[in-house]
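# A look at the structure
Here is what each chain is made of, one letter per residue.
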Amino acid sequence: MSNEILINDLVVRFANVNGTGSASANNMFAKSVFRMGIPVSPKNIFPSNIQGLPTWYEVRVSEKGYLGRREGVDIMVAINAQSMAKDVQEVKSGGYLIYDSTKLLAEELFREDIHYIGIPMIQLCMDHYPESSQHMLLKNVIYVGALAALVNIEVEILEQLIKEQFKKKEKLIPGNIQALHLGIKYASEHFVCPLPLHLEKRDLVGDRILVEGNNACGLGALFAGATVGSWYPITPSTSVMNAFEKWCNKYRVDPDTGKKNFAIVQAEDELAAIGMVLGATWNGARAFTATSGPGVSLMSEFLGLSYFAEIPAVLIDVQRSGPSTGMPTRTQQSDVLAAAFASHGDTKHILLFPANPTECFDFTVIAFDLAERFQTAVIMLTDLDLGMNDHLCKPFAWDEEKKYDRGKVLSAKDLDEMSFGRYLDVDGDGIPYRTIPGTHPTKGSFFTRGSSRDEYAKYTEDGDVYAKNMDRLVKKWNTAKTQVPAPEITIHNPNAKIGIIYFGTSSYAAQETVDLLKEKNILVNEMRMLSFPFSNEVKQFIDQHEQIFVIEQNRDAQFRSLLMIELDINPNKLLKVLQYNGMPITAAFIYQSMMSQIK
Amino acid sequence: MTYVKPSFRHPKLPVNKIGFARREYEGAISTLCAGCGHDSISGAIVQACFEMAIEPHRLAKLSGIGCSSKTPTYFLGNSHGFNSVHGRMPSVATGAILANKDLIYLGVSGDGDSASIGMGQFVHAIRRNLNMLYIVMNNGCYGLTKGQDSATADEGSINKSGAENMFQGIDLVSLSIELGATFAARSFSGDKHQLIPLIKAGLSHPGFAFIDVISPCVTFNNNVGSTKSYDYTREHMEATSAIDLVPVKTEITNSQEEGTTQQIQLHDESYIQIHKLASNWDPTDKLSTITKIFEAKSRGEIPTGLMYFNTESKDLHTVLNTTDTPLNLLQKEVLCPGNAKLSGINASFR
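None of these values were measured; they are calculated from a predicted model.

### What to know about the overall build of chain B
- Check the secondary structure of chain B and you find twelve helices and twelve strands.
- Taking all 350 residues of chain B together, 61% fall into the buried category.
- In chain B, of all internal contacts separated by at least 6 residues, the share reaching a separation of at least 24 is 70%.

This is the structure in structure tokens:
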């Protein structure tokens, strides 16, 4: 077994039992790495279950700052007997298995090519804590302590984290700190610490923050001035509205009256959730909902109404593995087409693809501006990986000068000075003017409906009038191309023949892959997609390269289809890199897939 | 019904206290069948809003899909209207009400729209006690798809194709009371004298006001054997007041004393029996109200009038404790915490 010293480059996986309080201990480990100034990327890998089934928490530590998932476990903290046999097999050759040695490990669980580190966690608990109820929770802190000694985490950082965690339950602090030290002491006395594979303090994190995407979306909605939120609980999007409510309760309650400058309703289903959004935006408020794939299916009818009747809506779709119930707690990017074309008839929606929490914040704000500017639904496609995991990212920034773009809304004064036709293309950009109910005593009222109507909102089944309206919607769509976030294009070499296209959370691994390819002297240019409709740069980038790899996390190459459909690209030019096992895509996977296809 | 609505009105038509004539409360010409009860309800809405001197632009009219949901086009032409999707008007109304608590909200729906596809949203609108008037134009059948039974069609009722309805009809009034509606009434489209005051009361009610209006379908559910036909309703109405129907045939009007039951013959020569509630009816007693509804039903009677009300309960905005200023008027200054707060937020993620 190799004993090569490896600093700040490892993957630690915790194998726990769902519902045993391990999450906070695992999170403490990740956060301590972050506070040591080392880039870290934690992932929850959890079952669709409340209690009892195996759950994993995987932490990648990367000196080079790679934040995508990396395959191969260097250190397995194997606490779950149920998954132990599998967990042992997951450890890389030469890696380490930390286990509870209170009981002997079964013989068949021993491998010759890995190291075993037994910490008698339950025994230590029994020796030091009288109440058995404490044992399960403190056992988690003991393994964090042992790990701290083994990989060299500063104990002060962990102590501080415990103090922060139990800020409101101070009497729990001494017991937890004691457990931490029990782990440290036992590991130090029985094993050579630190291991060859360990951490060293760095200053690689700078001012960056560690936060979940869903939390960032909720914060973005707060800053964007959303006042109405309606939703129906669904994993993995639930914490978006929870976060919005938390932020609102903090910053949107009048200190004098206690009254709230927001309204949040847990709807009876997803149909009602999006219906409330449309009712609220029709009436001039900024409103949004958050859901996942099954919710998008249910919301489709209203999304069509949003498109056709031209009513703003913001929808945050935190994607999970479909179809149907699929794997509800696993990640995927498989709602691309469902979101782009949700509803019957010729319908298409503006999509945004954030890749990290900073963008979740920024794009949520942009989504509200776009929705009102274009009077249509804007769907932000994040995913479980982004939404429910902490990500190292740039701090949130806000421009105090920024004004909310409320779009073409006419005031009473405007109506006094002009004639009004709800669906008239006055400015030639395809975007009509609208009025908010209650604006003017005699002018500006109109009927909103999903049926065909003329430019003055009057019901008609005249085919020519219908077609003209549909054409104006295309014009509006073309205007949107110039105002949605443009793709981020990185030209490493103007002569490179290969281009890669990726979006959302595939970005981490895709960018790492570029470095892997560089090592083999394969130069590729990159285009990170931020939105749909596609701006002109997208076609140009594709035209400039001979082979384009479209990297995405679904089976049917949905993003590739979207490119083909919208830009009329020769399918042979667009090569597929597809991962769809529910785990975040890795650089190694992309590299192998590309190498097998490069001409 | 006429196909051209004259724009000419006598210049000296009476105006209400805010200076609007009745015509300011009218809408486009109806495209419903001649004699449709829904048109009578539209007329009652026009009259009620005119008499109440509601500023048309301060009233928002919302509906779902179906014959009844088309009617908002035919009244209050100066109000914003929203014809949403089938059965989902309640959620759209909820959002609209959340955005602006200061407007008056009138939701119009049908028995298909509210008792079948939209039942889920209907019950939750009641549960949330939205501050709105919710009218169901109830004819027991699907008109736009040519006469299928709806969920309010009575068991044993015969539809136009001659088939007997095998299932129990849903009684929306008792259901709404059960779910906590703070105002529940039933009326008959033809009974203007009863319906107009009920609409006025419902619009004034500070919470969810529900009116189930029996509104016979002149085309698809007006046959012998139907229990939602004009005739059947007249026959079984425990005495309504005026019945004001405008079918191609002749308008049926009826007037009856409170507390009496009256049989009314409809165009197809069937009957309905309407019982107009007596003035000593106690509409604040929920239990006795529900009991009386069931008793009337067992006698084959349709009680009409204000069945139940309660002004004690809190509307959605009160429950959510929202600010007095409508949410849609709040500006960035009060909504956005700004950069200084964001620095602190960033610090909390380190």
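Here the narrative resumes, following the displayed structure.
### A few points about the nonpolar core
- Phe 288, Phe 559 and Leu 563 of chain A together with Phe 208 of chain B are the most contacted members of the largest nonpolar core, which has 150 residues in total.
- For this core, the leading source of residues is helix 12 (residues 357–374) of chain A, giving nine residues.
- In this structure, Ile 75, Ile 142, Tyr 143 and Ile 177 of chain A belong to the second largest nonpolar core, which totals 59 residues.

### Section: the state of the cysteines
- Considering all chains together, one arrives at zero disulfides over all chains under this definition.
- Of the cysteine sulfurs around Cys 393 of chain A, a residue in no disulfide, the closest is that of Cys 360 of chain A, at 8.5 Å.
- With no disulfide of its own, Cys 49 of chain B lies 19 Å from the sulfur of Cys 36 of chain B, the closest cysteine sulfur.
- A relative accessible area of 0% places Cys 49 of chain B in the buried class.

### With respect to helix 18 (residues 558–567) of chain A
Residues and elements named next belong to chain A.
- Counting buried residues in helix 18 gives seven out of ten residues, a clear majority hidden from the surface.
- Of the positions making up helix 18, those classed as buried are Gln 558, Phe 559, Arg 560, Ser 561, Leu 562, Leu 563 and Leu 567.
- Looking one or two places after helix 18, you find Asp 568, whose phi comes out positive at around 60°.

### Points about the interface of chain B and chain A
- With 55 residues of chain B in contact, the opposing surface of chain A contributes 69 residues.
- Together, His 80, Phe 349 and Arg 350 of chain B form the three largest contributors to the area buried by chain B at its contact with chain A, with a combined 15%.
- Counting every contact that joins chain B to chain A gives three salt bridges.
- Between Arg 88 of chain B and Glu 301 of chain A there is a salt bridge whose closest N-O contact spans 3.7 Å.
- For the side of chain B that touches chain A, a count of residues per class yields 22 nonpolar, 25 polar and eight charged.
- Sheet analysis places strand 19 (residues 447–449) of chain A next to strand 2 (residues 80–83) of chain B, joined by three bridges and oriented parallel. In the sheet register, Arg 449 of chain A faces strand 2 of chain B, and the bridge partner there is Asn 83 of chain B.

### A word on the packing of aromatic side chains
- On inspection of all chains with the given rule, the structure shows 29 aromatic pairs over all chains.
- An angle of 65° between the planes, with centres 5.1 Å apart, marks the rings of Phe 532 of chain A and Phe 534 of chain A as edge-to-face. The same class applies to Phe 532 of chain A as to Phe 534 of chain A, namely buried.
- Assessed through its relative accessible area of 3%, Phe 534 of chain A is described here as buried.
- An aromatic cluster is present here, built from Phe 223, Trp 247, Tyr 251, Phe 361, Phe 396 and Trp 398 of chain A together with Phe 349 of chain B joined pairwise through their rings.
- The cationic tip of Lys 246 of chain A hangs over the ring face of Trp 247 of chain A; the distance from NZ or CZ to the ring centre is 4.4 Å.
- Sitting over the face of the ring of Phe 308 of chain A, Arg 453 of chain A holds its NZ or CZ atom 4.4 Å from the ring centroid.

### Considerations on the packing of helix 5 (residues 155–165) of chain A against helix 6 (residues 173–190) of chain A
All names here are of chain A.
- Viewed as axis vectors pointing N to C, helix 5 and helix 6 meet at an angle of 150°, and their least axial separation amounts to 9 Å. Classified by the angle between their axes, helix 5 and helix 6 sit roughly antiparallel to one another. In terms of crossing hand, the pair formed by helix 5 and helix 6 is right-handed. Taking contact as the criterion, the partners of Val 155, Leu 158, Glu 159, Ile 162 and Lys 163 in helix 5 are, on helix 6, Ile 173, Asn 176, Ile 177, Leu 180, His 181 and Ile 184.
- Tallied by class, the residues present in the contact of helix 5 with helix 6 amount to seven nonpolar, two polar and two charged.

### Focus on a positive patch on the surface
- Judged by side-chain charge, Lys 167, Lys 168, Lys 246 and Lys 250 of chain A come together as a positively charged surface patch.
- Looking at where Lys 168 of chain A falls in the secondary structure, it is placed in the loop between helix 5 and helix 6.

### Topic: the sheet that holds strand 12 (residues 287–291) of chain A
Residue and element names in this part refer to chain A.
- Taking strand neighbours across the sheet as the criterion, the seven strands line up as 11-10-12-13-15-14-23 in an open arrangement whose pairing is mixed. Two strands lie at the open edges of the sheet, namely strand 11 (263–266) and strand 23 (531–532), each paired on one side alone.
- Taken together, the three bridges between strand 14 (residues 350–352) and strand 15 (residues 377–383) define a ladder with parallel strand orientation. Its bridge partner lying in strand 15, Leu 351 is registered against Ile 379.
- Packing against the sheet, helix 12 makes contact with strand 12, strand 13 (313–319), strand 14 and strand 15, and its axis sits at approximately 160° to strand 15.

### Digging into helix 1 (residues 22–35) of chain A
Residue and element names in this part refer to chain A.
- Between its first and last C-alpha, helix 1 extends 20 Å over 14 residues, near the 20 Å set by a 1.5 Å rise per residue.
- Extensive coverage of helix 1 is indicated by the burial of ten of its 14 residues.
- For helix 1, the complete set of buried residues consists of Ser 22, Ala 25, Asn 26, Met 28, Phe 29, Ala 30, Lys 31, Ser 32, Val 33 and Phe 34.
- Gly 37 sits one or two positions beyond helix 1 and adopts a positive phi of about 80°.

### Section: the sheet that holds strand 7 (residues 115–119) of chain A
All names here are of chain A.
- Here six strands make up an open sheet; going across it, the order is 3-4-2-5-6-7 and the pairing mixed. Strands with a single pairing partner mark the edges of an open sheet, and in this sheet they are strand 3 (40–45) and strand 7. When strand polarity is set aside, the average angle formed by the axes of neighbouring strands in this sheet is 15°.
- Pairing of strand 3 with strand 4 (residues 54–62), which is carried by six bridges, proceeds in the antiparallel orientation. Each bridged residue has a counterpart across the sheet, and for Pro 42 the counterpart in strand 4 is Val 59.
- Against the sheet, helix 3 (residues 121–128) engages strand 6 (91–100) and strand 7, with an angle of about 25° to strand 6.

### A closer look at the pattern of salt bridges
- Applying the stated criterion across every chain, the model contains 41 salt bridges over all chains.
- Between Lys 228 of chain B and Asp 154 of chain B there is a salt bridge; the shortest N-O distance is 3.5 Å. Residue Lys 228 of chain B is located in the loop between strand 8 (208–214) and helix 8 (230–236), and its partner Asp 154 of chain B is located in the loop between strand 6 (148–149) and helix 6 (172–178); the two are separated by 74 residues in the primary sequence.
- In the salt-bridge network here, residues are joined through shared partners; they are Arg 286, Asp 369, Glu 372, Lys 402, Arg 406 and Arg 434 of chain A.

### Observations regarding the pairing of strand 25 (residues 574–578) of chain A
Residues and elements named next belong to chain A.
- The element strand 25 is largely enclosed, with a buried count of four among its five residues.
- Pairing analysis gives five bridges linking strand 24 (residues 547–552) to strand 25, with the strands arranged parallel. Paired with Ile 548 across the two strands is Leu 574, which belongs to strand 25.

### A word on the side chain of Glu 301 of chain B
All names here are of chain B.
- Along the polypeptide, Glu 301 turns up in the loop between helix 9 (286–298) and strand 12 (302–309).
- Using a relative accessible area of 13% as the deciding quantity, one classes Glu 301 as buried.
- At 3.1 Å, the side chain of Glu 301 and the side chain of Arg 299 are in polar contact.

### Quick look at the packing of helix 7 (residues 213–223) of chain A against helix 12 of chain A
Residue and element names in this part refer to chain A.
- Contact geometry for helix 7 and helix 12: axes closest at 7 Å, N-to-C directions at 35°. With respect to the hand of their crossing, helix 7 and helix 12 are arranged in right-handed fashion. Contact residues: Gly 213, Ala 216, Cys 217, Leu 219, Gly 220, Ala 221 and Phe 223 in helix 7; Pro 357, Cys 360, Phe 361, Thr 364, Val 365 and Phe 368 in helix 12.
- In the contact of helix 7 with helix 12, the residues fall into ten nonpolar, three polar and no charged.

### Some remarks on the pairing of strand 22 (residues 524–529) of chain A
Residues and elements named next belong to chain A.
- Counting buried residues along strand 22, six of its six residues qualify, which places the element largely inside the surrounding structure.
- Alternating positions in strand 22 separate into two faces, Val 524, Glu 526 and Arg 528 on one and Asn 525, Met 527 and Met 529 on the other, with burial throughout.
- Two strands pair when backbone bridges link them, and strand 20 (residues 488–490) and strand 22 are joined in this way by three bridges, in the antiparallel orientation. Paired with Glu 488 across the bridge in strand 22 is Arg 528.
- Pairing geometry for strand 21 (residues 498–503) and strand 22, over six bridges, is parallel. The residue of strand 22 that forms the bridge with Ile 500 is Glu 526.

Reading guide: rules and limits
Residues numbered from 1 in each chain as written. Chains lettered and ligands numbered in written order. Predicted model: local features only at pLDDT ≥ 70, side-chain atom pairs only at ≥ 80, totals over all residues. Heavy atoms only, no water. Helix = DSSP H or I, 4+ residues; strand = E, 2+ residues; numbered from the N terminus. Buried < 20%, exposed > 50% of the residue type's maximum accessible area, 1.4 Å probe, protein only. Contact = heavy atoms within 4.5 Å. Core = buried A, V, L, I, M, F, W, Y, C linked by side-chain atoms within 4.5 Å. Disulfide = S-S within 2.5 Å. Buried area = accessible area lost by both parts, 1.4 Å probe. Salt bridge = Lys/Arg side-chain N within 4 Å of Asp/Glu carboxyl O. Nonpolar A, V, L, I, M, F, W, Y, C, P; charged D, E, K, R; others polar. Pairing = 2+ DSSP bridges. Phe/Tyr/Trp six-rings, centres within 6.5 Å; stacked < 30°, edge-to-face > 60°. Lys NZ or Arg CZ within 6 Å of the ring centre and 35° of its normal. Axes fitted to C-alpha atoms, helices over the stretch in contact; angles between N-to-C directions. Parallel < 35°, antiparallel > 145°, perpendicular 65-115°, else oblique. Left-handed = near helix turned anticlockwise from the far one by under 90°. Patch = residues over 30% accessible without salt bridge, like charges linked within 9 Å, V, L, I, M, F, W, Y side chains within 5 Å. Areas by Shrake-Rupley, 256 points an atom, 1.4 Å probe, with all protein chains shown as cover. Lys, Arg positive; Asp, Glu negative; His and termini not counted. Charge placed at Lys NZ, Arg CZ, Asp CG, Glu CD. Expected span 1.5 Å × (residues − 1). Polar contact = N/O pair within 3.5 Å; in protein donor to acceptor, adjacent residues only side chain to side chain.

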